[in-house]
Amino acid sequence: MLFGSALTSLGAWIYLSLFHGKFWQGGPTLKAGSSPPCAPDVAIVVPARDEAESIQSCLKSLLEQDYYGKLSVILVDDNSTDGTGDLARAVPDPHNRLIVLTGAPRPPGWSGKLWAVNQGAQEALNHIGPYGYILFTDADIMHAPQHLATLLAKAREDDLDMVSEMVALNCESSAERFLVPAFVYFFAMLYPFAWTASERSRIAGAAGGTILLRRRALERIGGIEAIRGALIDDCTLAAHVKRSGGRLYLGHSELAWSVRPYRGAKDIWEMIARTAYVQLRQSPLLLLATILGMTLIWLLPVGLALFGKGRTRKVGLLTYLVSCATFLPTLKRFGLPLWRALPLPFVAAFYMAATVGSAIDHHRGVGVRWKNRSYTDEAS
């Protein structure tokens, strides 16, 4: 029985390595290039709640984009208590590109962030023509001057409705070096970048830090209101765009990076727990299946490699080494030593525990606090 489980685990990794969208290779990366052949109107929407530490740097990087088309930057102050709105209004704006909105009270049925995004999107439509684009980005993201032009060039050249990038994440603290690369790796496992781009696949992923969306695609799905209660808003938006016939791109960015620090494991735990159980549609059965699947894929091989015997141990060791090998491209992307692949099963156990914690919090009605809001009440 144990040997059969070992073979099942090895078979799962053969499938994941060879037939799961080559997720472990990561996605493509856009290089800084020339401006697109034409420069359509663009409005950048930045929802911000208590982002005093980063808002001025973020807005400055957006206002200084090297883009010769019409550009507007719309900051939606989502009821901040730390002066985010005032700091935004103080940012130098020599080209009169910046608009700062004070967010209205959130109506029932909307998630907090998406209500702010919706207000920004509605304002954006007043500043772009019918062939314009909206760039949604977060208030803790910095952008190189060529970033917007590079995104537009990709969208125009490949006739894409959505261009999304996973920005470079902080990886400086011990907790970040141990846990953050695996976040990118697991995201790619859930949403293989190649499958997101494929019109033959139903998979649709996006990264909320950078989403460039064609106006016509937003209108085709019914606007942000169509996803108003979503708690995994980026991937939900991508799914709606793809189902409506839109073409997607998902990759990594060398031209945008997050400045949000995760100083300890607790911060990363809370980041995972916000949406982990939502990803499982808040289903106890899916949670149980996930626990069993992750145990088979991650914990069984290393357990057999350490404590198994004979051929069972050999199969477990082989499976463990295969799983570690798939993590190497991600470590290379982060500039980390390759030995960090060895504890990957234990990192997976951390993510599994955070997912279980997310489910426990949901069923206890406790939820996760994020930006001074209760996660379980976000869409209420």
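In case you missed it, the structure is sitting above this.
For clarity, every value in this text was computed on a predicted model and none was experimentally measured. (Residues numbered from 1 in each chain as written. Predicted model: local features only at pLDDT ≥ 70, side-chain atom pairs only at ≥ 80, totals over all residues. Heavy atoms only, no water.)

A. Region of the structure containing the packing of helix α1 (residues 2-19) against helix α12 (residues 284-307). Interhelical geometry of α1 versus α12 gives an angle of 125° and a closest axis separation of 10 Å. By the angle between their axes, α1 is oblique relative to α12. As for the relative orientation of α1 and α12, their crossing is left-handed in sense. Taking contact as the criterion, the partners of L2, S5, A6, T8, S9, A12, W13 and L16 in α1 are, on α12, L296, I297, W298, L300, P301 and L304. A class-by-class count of the residues in the contact of α1 with α12 yields 11 nonpolar, three polar and no charged. (Axes fitted to C-alpha atoms, helices over the stretch in contact; angles between N-to-C directions. Helix = DSSP H or I, 4+ residues; strand = E, 2+ residues; numbered from the N terminus. Parallel < 35°, antiparallel > 145°, perpendicular 65-115°, else oblique. Left-handed = near helix turned anticlockwise from the far one by under 90°. Contact = heavy atoms within 4.5 Å. Nonpolar A, V, L, I, M, F, W, Y, C, P; charged D, E, K, R; others polar.)

B. The arrangement of the pairing of strand β5 (residues 133-137) in detail. Among the five residues of β5, five are classified as buried, and the element is accordingly described as predominantly covered. What you see with β5 is no split at all: Y133, L135 and T137 on one side and I134 and F136 on the other are buried throughout. Of the pairings in the sheet, the one linking strand β2 (residues 42-48) to β5 comprises four bridges and is parallel in character. Bridge pairing links I44 to L135 in β5. Here β5 runs beside strand β8 (residues 210-214); their pairing, made up of five bridges, is antiparallel. In the sheet register, I134 faces β8, and the bridge partner there is L213. (Buried < 20%, exposed > 50% of the residue type's maximum accessible area, 1.4 Å probe, protein only. Pairing = 2+ DSSP bridges.)

C. Representation of the environment of M352. Within the secondary structure, M352 is located in helix α14 (residues 344-364). Taking the relative accessible area as the measure of exposure, M352 reaches 12% and is therefore buried. Put simply, M352 and L287 are 65 residues apart on the chain and 9.6 Å apart in space, counted from C-alpha to C-alpha. Sequence-distant contacts of M352, that is, excluding residues within four places in its chain, are made with I291, M294, T295 and L299.

D. How the structure looks around the pattern of salt bridges. With the rule as written, the count across this model stands at 14 salt bridges. We note a salt bridge from E51 to R260, for which the minimum N-O separation is 2.7 Å. Taken as a pair, E51 in the loop between β2 and α2 (55-63) and R260 in the loop between β9 (248-258) and α10 (265-273) lie far apart in primary sequence, 209 residues in all. A single burial state applies to E51 and to R260, both of which are buried. Where salt bridges share partners, they join D159, D161, R214 and R220 into one cluster. (Salt bridge = Lys/Arg side-chain N within 4 Å of Asp/Glu carboxyl O.)

E. Structural view of the packing of aromatic side chains. If you walk through the whole model with that rule in mind, you get 14 aromatic pairs. Each ring, one from Y185 and one from F327, has its centre 5.1 Å from the other, and the planes form 80°; the classification is edge-to-face. Residue Y185 is found in helix α6 (residues 174-190), and its partner F327 is found in helix α13 (residues 310-334); the two are separated by 142 residues along the sequence. Using a relative accessible area of 1% as the deciding quantity, one classes Y185 as buried. A ring pair is formed by F350 and Y351, whose centres lie 6.0 Å apart and whose planes are at 75°; its orientation type is edge-to-face. Both residues of the pair, F350 and Y351, count as buried. Ring pairing ties together the aromatic residues W13, F23, Y185, F186, W269, W298, F327, F350 and Y351, which thus form one cluster. (Phe/Tyr/Trp six-rings, centres within 6.5 Å; stacked < 30°, edge-to-face > 60°.)

F. Just α1, in detail. Here α1 spans 25 Å end to end across 18 residues, near enough to the 26 Å set by a 1.5 Å rise per residue. Of the residues making up α1, those classed as buried are A6, S9, L10, W13, L16 and S17. In an axial view of α1, the angular spread of the buried residues amounts to 120°, which keeps them on one side of the axis. In α1, those exposed residues whose orientation departs by more than 90 degrees from the buried face are L18 and F19. Buried residues along α1 sit in contact with α6, α12 and α13. A positive phi of about 65° marks G21, the residue just after α1. (Expected span 1.5 Å × (residues − 1). Arc of directions from axis to C-beta.)

This is a description of form; function is not addressed.
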